[in-house]
Amino acid sequence: MPNTSPSTPSSTPPFAAHTTAQNSRRVAFATVIGTTIEWYDFFIYGTAAGLVFTQLFFAPAGPQIGLLLSFATVGISFVFRPLGAFLAGHFGDRIGRRAMLVITLVMMGGATAVIGLLPTYEDAGVLAPILLLVLRILQGISAGGEWGGAVLMAVEHAPAHRRGRAGAFPQIGVPLGMLLASGVTALMTGVIAPGQAFLDWGWRIPFLLSTVLIGVGYVVRRAVDESPVFAEMAAKKQRTKAPIVELFRRHWLLIVLAAFVFAGNNAAGYMTTGGFITNYATDPEGEVALERTPVLLAITGAAALWTLTTFLSGIMADRFGRKRTYLIGYASLILTVIPMFALVNTGRIWPLFLGLALFTVGLGLAYGPQSAWYAEIFPASVRFSGVAISYALGAILGGAFAPMIATTLVQATGSIYTVAGYLLVMFALAVVACALLRDRTGIDLGVDNQAEQERGATVFSQAGSSADLAAHVR
């Protein structure tokens, strides 16, 4: 069956016909709630790393080296994301998407809550940063497996003409997690535990809050039906015995390109709405030297706009195609990266918020379509593995050590604009990767369409027909 363009999407495949509107809404709710909780846990660490972990866990190293070590623990967790992606991808393609979603949620939430109970360096010496690092690694393993399962549950349940919108729901969980993390931290620093109290005990509360969120997410995710694609694979006994081996043997180039598509966006997201900007803008000895709470509120506001543009981009992806929406997003990031840093450097809170807000428009547009695009470029038999591993590798290439790289650049040159140059290089690589992938909007995701799914995902591979090529190359 030939693919169709976004303007004339294919009809809903047979396996999706049984997905009721009520179940679709339940899936959307479950994926956005689950990813919000997961990424709240992940972002709360980055926020604390930029604000207090230098003093609490790395004080003997001094302020500058201690900050680099604090951000290094943020990055090390990314190194373990592929392990989580390999494990979740293998078992997600073997035993199902839903089971992996529940496992990753509990692992992430448990590690986050335990961080809130850790002794500091003053209390336990070198054991304290070691325990912190171990728990951050568990967070990384969980994050590596979480995203792939969430997006496939959303996209594989959706009709073909609404995959972009459906796939945007787990995507908006990321900015919602950032919004929740920065909002809770702002509440702590500004109201409940201002000043020294936040350093003494207030930083622990956002981590311990994860115990409540785990319970909510667990109940919601357990109530969701298994992905119809996996259910069909299980019924027809068409599951691949070694999906990861098959993935790298046949689709290694696709993994590389998909990883770079995400890397630029991830670098921008972790450096600006994560720990780097928080630390840079609140450093009392730096150029900006703003108070913590206003900066956290500005980041919270920017995260709210990021949420809206991410959802909007999912709708745009259904109308204009995944690739075109992505390129619009990266064009916006390229145009706003230098103005954003200039506004941050004014030392005033409203220009800082304006700079972050402008930048997060591009962040959302270059993130919302990712679920649908990733799901449509990988064959059904290795889809979980392909989606999860590409995402994890993109996170390493883009976000793993971005805050540490940015901090090093500023310390070495004294200029934040070197960070803008670094981001522009990442954006350029992502645009090239986008150009080398084909848009496959509307392709049948069912297991019976494996042959078509196997070919034509990149410009180097032959599409099914000249009609397919005309429909999918933009």
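An unreviewed UniProt entry lists the chain under the name Putative MFS family arabinose efflux permease, with Prauserella rugosa as the source organism. Quoted verbatim from the Subcellular location (unreviewed entry) heading of the UniProt record, the comment on the chain is "Cell membrane".

Draft legend 1. Summary view of the overall build of the chain. Helix and strand content of the chain: 23 helices and zero strands. Split into buried and exposed, the 474 residues of the chain put 61% on the buried side. Intrachain contacts of the chain at a sequence separation of at least 6 include 84% that bridge at least 24 residues. On the chain, roughly 16600 Å² of surface is accessible, and the fraction owed to carbon and sulfur atoms is 69%.

Draft legend 2. Structural view of the nonpolar core. Core analysis: the biggest nonpolar cluster contains 118 residues, and Phe53, Phe276, Phe341 and Leu423 have the highest contact counts within it. A total of 13 residues in this core trace back to one element, the largest contributor, which is helix H13 (residues 243-272). Setting aside its immediate chain neighbours within four residues, Phe341 contacts Phe276, Ile277, Ile416, Tyr417, Val419, Ala420 and Leu423. Counting seven residues, the second-largest nonpolar core is a separate cluster that includes Val27, Leu101, Ala150 and Val224.

Draft legend 3. Focus on the packing of aromatic side chains. Enumeration over the complete set of coordinates arrives at 15 aromatic pairs. A ring pair is formed by Tyr330 and Phe427, whose centres lie 6.1 Å apart and whose planes are at 50°; its orientation type is tilted. Separated by 97 residues along the polypeptide, Tyr330 in helix H16 (residues 322-344) and Phe427 in helix H21 (residues 417-436) bring together distant segments of the chain. Take Tyr330 and Phe427: they sit in the same class, and that class is buried.

Draft legend 4. Region of interest: the environment of Leu199. Counting through the fold element by element, Leu199 comes out in helix H9 (residues 196-202). When sequence neighbours within four positions are dropped, the list of residues in contact with Leu199 reads Val52, Gln55 and Leu56.

Draft legend 5. Expanded view of the side chain of Thr185. With respect to the secondary-structure elements, Thr185 resides in helix H8 (residues 163-192). For Thr185, a relative accessible area of 3% gives the class buried.

Draft legend 6. A look at a nonpolar patch on the surface. Where nonpolar side chains cluster on the molecular surface, the patch consists of Ile103, Met107, Tyr121, Val126, Leu127, Ile130, Leu131, Val134 and Leu138 and spans about 710 Å² of accessible area. Every element with two or more residues in the nonpolar patch is listed here: helix H5 (97-115) and helix H7 (127-157). With five residues, the single largest contributor to the nonpolar patch is H7. For Val134, the location among the structural elements is in helix H7. Here Val134 falls in the partly exposed class, since its relative accessible area comes to 44%.

Draft legend 7. Broad picture of empty space enclosed by the protein. Counted under the stated rule, the structure contains four cavities of 30 Å³ or more. Secondary-structure elements contributing two or more residues to the lining of the largest cavity are helix H1 (21-51) and H13. Tallying contributions element by element places H13 first for the lining of the largest cavity, with five residues. Among the residues forming the lining of the largest cavity, the class breakdown is eight nonpolar, three polar and no charged.

Draft legend 8. Looking closely at the layout of surface pockets. Size it by volume and the largest pocket reaches roughly 870 Å³. If you go around the largest pocket, you meet 31 residues; those closest to its centre are Leu67, Asn279, Asp283, Pro284 and Glu285. Where the lining of the largest pocket is concerned, the elements lending two or more residues are H1, helix H2 (53-57), helix H3 (63-79), helix H14 (275-282), helix H15 (292-320) and helix H20 (402-413). Per-element accounting of the lining of the largest pocket gives the leading share, four residues, to H14. Of the residues assigned to the lining of the largest pocket, the class counts are twelve nonpolar, 14 polar and five charged.

Draft legend 9. Structural context of the pattern of salt bridges. Within this structure, the stated rule accounts for seven salt bridges. With a closest N to O distance of 3.3 Å, Arg250 and Glu454 form a salt bridge. Taken as a pair, Arg250 in helix H13 and Glu454 in the loop between helix H22 (450-453) and helix H23 (466-472) lie far apart in primary sequence, 204 residues in all. Its salt-bridge partner being Asp318, residue Arg322 comes within 3.0 Å of it at the nearest N-O pair. With relative accessibility at 0%, the residue Arg322 sits in the buried group. Taking relative accessible area as the criterion, Asp318 reaches 15% and is therefore assigned buried. Within the structure, one salt-bridge network assembled from shared partners comprises Arg163, Asp318, Arg322 and Glu376.

Scoring rules and cut-offs
Residues numbered from 1 in each chain as written. Predicted model: local features only at pLDDT ≥ 70, side-chain atom pairs only at ≥ 80, totals over all residues. Heavy atoms only, no water. UniProt positions renumbered as here; feature names shortened; annotations may be inferred. Helix = DSSP H or I, 4+ residues; strand = E, 2+ residues; numbered from the N terminus. Buried < 20%, exposed > 50% of the residue type's maximum accessible area, 1.4 Å probe, protein only. Contact = heavy atoms within 4.5 Å. Areas by Shrake-Rupley, 256 points an atom, 1.4 Å probe, with all protein chains shown as cover. Core = buried A, V, L, I, M, F, W, Y, C linked by side-chain atoms within 4.5 Å. Phe/Tyr/Trp six-rings, centres within 6.5 Å; stacked < 30°, edge-to-face > 60°. Patch = residues over 30% accessible without salt bridge, like charges linked within 9 Å, V, L, I, M, F, W, Y side chains within 5 Å. Salt bridge = Lys/Arg side-chain N within 4 Å of Asp/Glu carboxyl O. 1 Å grid on protein atoms, 1.4 Å probe; cavity = no way out; pocket = protein on both sides within 12 Å on 5 of 7 lines; lining within 4 Å. Points joined across faces, edges and corners; volume = space filled by probe spheres on them. Nonpolar A, V, L, I, M, F, W, Y, C, P; charged D, E, K, R; others polar.

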